[in-house]
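So you can see what is in the structure, the chains are spelled out below.
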Amino acid sequence: MASVEHKQDKQDPFYLSRGARRQTSAEIVTEARRSLRIIGTQRPFTPRDELRQLFGDASTRTRDRRPPSSFSLHARNFEASDSRPSSGARLSPLEHKPKLPLSLDEDCSEGGTAVPKPPVAGQDRRGSGGARTRLIRARSLTRLPPMTQLSKELQTKDCHERTKLSMEPFQQANPNNLQHFDPRGKRTEAPQEREEPPNKHSGMLQPSRADLHTKETDTAEAECGHGDMTGRDATDESVFWNFEVLPVLQELEAVIPGGSVSEETVKHLCDACTALHNVLAERGMLGRQLKKRSTLLRALFRLIDLGSDQLNLTLAKLILALNISGNNLLNICKLIFKISRSSNNDILFQNNSIIDLLLSLLQCEDVYSSGESVLYTVGSLKLLSGNCALSRLLLAKDFISVLLQLAQRLIQLTDPDAPPDTDHTLGGRDQNAIAGHILVQLTAALRNMADLSESRPLFSSNEVFSTLCKIMDLYQDDQDVCLNVARIFSKLSSYAGCCYALAETPCCYRLFLDLLSKHSRKQDLVVRLLFTLGNLAARSNEARERVYEREGAVDILLGLFQSYHRAAFLASKNPQHEEEDVLVKLIRVLANLSIHPTVGRALAANALCVQLLLEVMEVRSVEESTELVVNASATVNNLSYYQEENSVVRAQCTHISKLHQFVVAMLDSKNPDVCFSACGVLMNLSVDPENRAMLRKEGAIHKLMDCLRDFGPRDWQLAGLVCQALWNCTEEGETQNMQELLEILSLYSDQTFLQWPSSEDVREYQESCWELDFLPVAQKLKKRIQSMSVTVLEPISGPS
């Protein structure tokens, strides 16, 4: 009768993924942990570059093969006569010859040709009305002398005439943007625009009637001497220069570079430059519109030698707005990069709109001819994006899209499969190297932007991952570029939305495996690629299948496993942390891949895979390498689920006996994750009767009871897994310690005796785990124990 009751009570053992199949949504959420286990791990740590360089100390580029991060810049490095390279267009000759007046008072419209007389040195020539004096002797442009109110306009006109010949081919005034002065001294807009009040600046002299009386004479001179501007436009710009620009230049010229300057002087100069910038912008004289642009640039370049970062950034903003090119553009970009290298200067960029100019430069500047300028610009923005406040400012200015557009232009240059660009060609090693240098900065900046939670929708909604994979594919030999892109994937794949978007990028699996094979000894790259693959395999069954289907994928992974395992544990008793981290991430990939039935069966039947996992568990202790041992045991746990005849986990009895001892010892760990992995392995191994006997000999039941007592109230999922392992281990009717186990189960099954967290959300979660993960299997186990107790106590009836 007892044997009959025992047979009736006997039920199927628990498997780690073939337990009770509830159809509730809560069970679906927790199914991964109650079934084949998905392994998590910490993301590889990326230290910040405290030195703020173009290329960090770990760069594979030697110093002689990369642009410098440190350099000196002085005013002498700049060229005042800034101009863009010739476009090749020929200018049409003038259709008339300008008339040269004998004196300023003579009407240039009269017939005949006037022959000028050579001036006498130091002689003054006074015009009609005596309202102004023209100085015949030339003056130096590098330092403007003090000026009186009556002489300002004329001396500046002299300077203008001396620089006119060199400036004319590159300047053209825009009459629609010019303003005029009426005889009452008020500034008015061009006829088609509405009138605005004058813009006043501190320290500027207001025009007098005597000054304005010269308008007609200036107009006549302009008509006689300027072929590219109308007389009125030339006069208007001359008046604008004398009364709006020149006073500011005098303030700038009054400071002598070379010595130290006070903070008050720096602030005064910054305010003056800002006022000048505003005036030029208001009159539409930024860019290349101003005829005396060279004079202005010379004065601005001169101040760079003062060595103030605050002033230099203000100067750089104005100089960039004047549309410089060539060597000047490169030096200004270098200057901005030099300023951005100090984190103390981040606040300067927050309070300065120069970031808009830098972004505009990336969008408009020709990468073909200004590659090095673009390099230092992206480098500056990369450094600034490491600041949280500035990265949010950059995000608001669409920085990610700007970088992606630039990346696509660079891809177009270097992709052999891209259609040829008939307008530009990027030939030669130097140009290709510059493109690679730019991409190092660009990908590092994107990595910084990926830290912002607000940026993740942009990464997942745009074709960011396809572009990044294309960059990585084209630059497989550039380890710096590949590492930066791997860091982006490593960061973003930690978040569900981005991980699914990356999983839907088909080329990434082939690319990751190729790079793992090609750069197998570059640990920082390998560990991030493995971490990303582990994330993909943790979330997507399609990703598991795609990785496995790549030709040679398992061989590549096991080759890495063997290489790093031998280097870390057999060659040295004190393995390097980096090598161990590679193993942690790699074993996690195998564990998560094994959740797919096809992959899991293949790995369970792979002798090398199982051997390496068991060796890791034998060589390292839980105390020394907790995460590594947990991952290895969890992987063996997943593989032990597949009980096919060709399963190496099932067939290798010698190794399994060692595994029994090790797994039982793992139950003594104070780490719940270690205990969870051990329970999973025990549950699957204890399905086999021979294994159950060996596990009971090792004291598995007693260890499992201790684990339930210690962790039960804190982790109901672990408690449920312990009960499933106990169910399998007591299949033959174990009676020792069953009364103690029954008391524990009875206590934990009564909700009124349990203490719950004060937080409502945490309590709700724990109650759900208790109800779904622990209670059903605990009640089932309790019923079996009670049945076994009745069977044992049942008296044997004598013969009748």
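Residues numbered from 1 in each chain as written. Predicted model: local features only at pLDDT ≥ 70, side-chain atom pairs only at ≥ 80, totals over all residues. Heavy atoms only, no water.

## Here we look at the overall build of the protein
A count of helices and strands for the protein gives 36 helices and four strands. The proportion of buried residues among the 800 residues of the protein is 51%. Put simply, 76% of the contacts in the protein that link residues at least 6 apart link residues at least 24 apart. (Helix = DSSP H or I, 4+ residues; strand = E, 2+ residues; numbered from the N terminus. Buried < 20%, exposed > 50% of the residue type's maximum accessible area, 1.4 Å probe, protein only. Contact = heavy atoms within 4.5 Å.)

## Concerning the pattern of salt bridges
Here the structure, examined in full by the defined rule, presents 22 salt bridges. Between D346 and R52 there is a salt bridge; the shortest N-O distance is 2.9 Å. In this pair, D346 sits in helix α11 (residues 346–350) while R52 sits in the loop between α2 (25–34) and β1 (124–126), placing the two residues 294 residues apart along the sequence. A residue is classified by how much of its surface remains accessible, and R52, at 10% relative accessible area, is buried. Ionic pairing is found between K397 and D356, a salt bridge with its closest N-O pair at 2.9 Å. Here the residue K397 occupies a position in the loop between α14 (388–396) and α15 (399–414), and D356 occupies one in helix α12 (residues 354–364), the gap between them amounting to 41 residues. Owing to a relative accessible area of 29%, K397 belongs among the partly exposed residues under this scheme. Here the residues in one salt-bridge network are R61, D478 and D480, joined through shared partners. (Salt bridge = Lys/Arg side-chain N within 4 Å of Asp/Glu carboxyl O.)

## With respect to the state of the cysteines
A complete count under the given rule lists zero disulfides for this structure. Between C499, a free cysteine, and C498, which holds the nearest cysteine sulfur, the sulfur-to-sulfur gap is 8.8 Å. The thiol of C679 is unpaired, and the distance to the nearest cysteine sulfur, on C707, comes to 4.6 Å. (Disulfide = S-S within 2.5 Å.)

## Considering unusual backbone geometry
Residue N323 is not a glycine yet carries a positive backbone phi of 60 degrees. Mapped onto the elements of the fold, N323 is located in the loop between α9 (309–321) and α10 (326–340). A positive phi angle, close to 65 degrees, is found at D398, a residue other than glycine. Relative to the assigned elements, D398 resides in the loop between α14 and α15. A relative accessible area of 40% places D398 in the partly exposed class.

## A word on empty space enclosed by the protein
As enumerated under the stated definition, the model contains three cavities of 30 Å³ or more in all. Within this model, the second largest cavity holds a volume of roughly 50 Å³. Looking at the lining of the second largest cavity, the elements with two or more residues in it are α23 (541–549), α24 (553–570), α25 (577–593) and α26 (597–604). Here the element with the most residues in the lining of the second largest cavity is α24; it accounts for three residues. (1 Å grid on protein atoms, 1.4 Å probe; cavity = no way out; pocket = protein on both sides within 12 Å on 5 of 7 lines; lining within 4 Å. Points joined across faces, edges and corners; volume = space filled by probe spheres on them.)

## With respect to the nonpolar core
Where a protein is soluble and globular, its nonpolar side chains tend to be buried together. By size, the foremost hydrophobic cluster in this structure holds 214 residues, and its most contacted members are L280, L516, L536, F561, L708 and F774. The residues contacting L708, other than those within four sequence positions of it, are P713, A719, V722, C723, L741, I744, L745, Y748 and F774. (Core = buried A, V, L, I, M, F, W, Y, C linked by side-chain atoms within 4.5 Å.)

## Describing helix α19 (residues 479–492)
Between its terminal C-alpha atoms α19 stretches 20 Å, which fits the 20 Å expected from 14 residues at 1.5 Å a residue. Of all 14 residues that make up α19, 13 are buried, and the element is covered over most of its length. Capping the start of α19 is the job of one residue whose side-chain oxygen sits 3.2 Å from the backbone nitrogen of D480: D478. (Expected span 1.5 Å × (residues − 1). Polar contact = N/O pair within 3.5 Å; in protein donor to acceptor, adjacent residues only side chain to side chain.)

## Let's talk about the packing of aromatic side chains
Per the counting criterion, the structure on display carries nine aromatic pairs. Their ring planes at 70 degrees and their centres at 5.5 Å tell us that F337 and Y376 sit as a pair that is edge-to-face. Placement of F337 in helix α10 and of Y376 in helix α13 (residues 371–384) is noted, with a sequence separation of 39 residues between them. Residue F337 is classed as buried on the basis of its relative accessible area of 0%. Both rings, one in W716 and one in F774, keep their centres 4.9 Å apart while their planes meet at 45 degrees; by these two values the pair is tilted. Here W716, found in helix α34 (residues 716–729), pairs with F774, found in helix α36 (residues 760–793); they are 58 residues apart in sequence, far enough to count as distant. Overall, W716 belongs to the buried group, its relative accessible area being 4%. Through successive ring pairs, a cluster of aromatic residues spans F465, F489 and F512. The ring of Y495 is capped by R456, whose NZ or CZ atom sits 3.6 Å from the centre of that ring. Sitting above the plane of the Y564 ring, R521 keeps its charged end 4.5 Å from the centroid. (Phe/Tyr/Trp six-rings, centres within 6.5 Å; stacked < 30°, edge-to-face > 60°. Lys NZ or Arg CZ within 6 Å of the ring centre and 35° of its normal.)

## Quick look at the packing of α19 against helix α22 (residues 523–539)
Where α19 meets α22, the axes come as close as 9 Å, and the angle between the chain directions of the two elements is 30 degrees. On the basis of the axis angle, α19 is roughly parallel to α22. The two elements α19 and α22 cross, and the hand of that crossing is left-handed. Here C482, L483, A486, R487, F489 and S490 of α19 come into contact with α22, specifically with D524, L525, R528, L529, F531, T532 and N535. (Axes fitted to C-alpha atoms, helices over the stretch in contact; angles between N-to-C directions. Parallel < 35°, antiparallel > 145°, perpendicular 65-115°, else oblique. Left-handed = near helix turned anticlockwise from the far one by under 90°.)

## Some thoughts on the confidence of the model for the protein
In this model, the protein carries a mean pLDDT of 76, and residues with pLDDT of at least 70 account for 69%. In the model, residues 792–800 has pLDDT below 50 throughout and makes four contacts with residues more than four positions away in sequence or in other chains. (pLDDT = per-residue confidence, 0-100.)

## Some thoughts on the environment of I471
Within the secondary structure, I471 is located in helix α18 (residues 464–474). In the structure, I471 is positioned 56 residues away from D415 in sequence and 9.2 Å away in space, judged by C-alpha atoms.

## Considerations on the side chain of N535
Along the chain, N535 turns up in helix α22. Beyond its immediate sequence surroundings of up to four residues, N535 is in contact with S490, S493, S494, C499 and R588.

## Looking at the side chain of T377
Residue placement: T377 occurs in helix α13. By relative accessible area, which is 1% here, T377 ends up buried. Here T377 is in contact with C333, L358, L361 and L362, once residues within four sequence places are set aside.

## Points about the packing of α22 against α23
In the contact formed by α22 and α23, the axes pass within 5 Å of each other and the chain directions differ by 125 degrees. One finds that α22 runs oblique with respect to α23. Facing α22, whose interface residues are L533, L536, A537, A538 and R539, α23 presents N541, A543, R544 and V547. Residues belonging to the contact of α22 with α23 are distributed by class as follows: six nonpolar, one polar and two charged. (Nonpolar A, V, L, I, M, F, W, Y, C, P; charged D, E, K, R; others polar.)

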